[in-house]
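Structural overview
For reference, the chains in residue letters:
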Amino acid sequence: MSRRRPGPASPAAARGEAAPASRTAAGCTVTVCRGCCCGTAKIPGPDHAAQLDRLRRALARIAQVRVTGCLDACEHANVIVVQPSAAGRAAGGRPVWLGLVNDTDAVDDIAAWAEAGGPGLADPPGVLDLYAFTPSRRVRRAVEP
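What comes next concerns the included structure. (Residues numbered from 1 in each chain as written. Predicted model: local features only at pLDDT ≥ 70, side-chain atom pairs only at ≥ 80, totals over all residues. Heavy atoms only, no water.)

1. Here's the deal with the packing of helix α2 (residues 48-59) against helix α4 (residues 104-116)
What counts, and what does not: Only the stretch in contact is used when fitting a helix axis, every axis being a line fitted to C-alpha atoms; angles between N-to-C directions are given from 0 to 180 degrees. Note on conventions: DSSP H or I runs of at least 4 residues are helices, E runs of at least 2 residues are strands, and numbering of each starts at the N terminus. Convention used here: angles under 35 degrees read as roughly parallel, angles over 145 as roughly antiparallel, angles from 65 to 115 as roughly perpendicular, and any remaining angle as oblique. Whether a crossing is left-handed or right-handed is set by the direction in which the near helix is turned from the far one by less than a right angle, anticlockwise for left-handed and clockwise for right-handed. Any two residues whose heavy atoms approach within 4.5 Å at even a single point are treated as in contact. Each residue is assigned to one class: nonpolar for Ala, Val, Leu, Ile, Met, Phe, Trp, Tyr, Cys and Pro, charged for Asp, Glu, Lys and Arg, and polar for all the others, Gly among them.
Put simply, α2 and α4 touch, their axes get as near as 10 Å, and they point 20° apart. Between α2 and α4, the angle falls in the class roughly parallel. Here α2 runs over α4; the crossing is right-handed. Along the contact surface, α2 presents Gln 51, Arg 54, Leu 55, Ala 58 and Leu 59, while α4 presents Thr 104, Val 107, Asp 108, Ile 110, Ala 111 and Ala 114. Looking at the contact of α2 with α4, its residues break down into 7 nonpolar, 2 polar and 2 charged.

Put into structure tokens, the structure is as follows:
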């Protein structure tokens, strides 16, 4: 049996850099649809790249932002799903699907909610209720655990 010496925990640690603060499983996950309609010219008006960049910058040390292909909820494009952290799930939080997220104010509200703890740990800003929708069970299975 050979023994391997433990190496650095991450590439950042190998370079002597500190790891990002709480970007791990501790925070919620924000899934951004960038499929057939979301994030494309089919939804005119918003600067899709700037929207995603703004969300990533706002949540860099708070939550994981992941981009996915089409979530099959095109009638609600641009779609963002805010999934609770483990603590949020333990407190009863469930993923919240937000549609028609086509302005920077909504992105800022999503970031503020994630910073406050997200589903199960903090109430969303009231205006996000206008963006919330319930997708079909088939569509939810594509994203929700």
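Alright, that's what it looks like, and here's the rest.
2. A closer look at the sheet that holds strand β2 (residues 64-68)
Where we set the bar: Two strands pair if DSSP finds at least two bridges between them.
Here we have 5 strands laid out as an open sheet, ordered β2-β1-β3-β4-β5, and mixed in their pairing. Of all strands in the sheet, those with a lone pairing partner are β2 and β5 (132-133), marking the two edges. Sheet topology note: the strand β1 (residues 29-33)/strand β3 (residues 80-83) ladder contains 4 bridges and is antiparallel. Bridge assignment links Thr 31 to a residue of β3, and that residue is Val 81. Across the sheet, α2 is in contact with β1, β2 and β3; its angle to β2 comes to roughly 155°. Across the sheet, α4 is in contact with β1, β3 and β4 (96-98); its angle to β3 comes to roughly 10°.

3. A word on the side chain of Gln 83
Keep this limit in mind: Any pair of nitrogen or oxygen atoms within 3.5 Å is treated as a polar contact; in protein, a donor-acceptor pairing is required on top of that, and neighbouring residues in sequence qualify only through side-chain atoms on both sides.
Position of Gln 83 relative to the elements: it lies in strand β3. Side chain to side chain, Gln 83 and Thr 31 meet in a polar contact 3.1 Å long.

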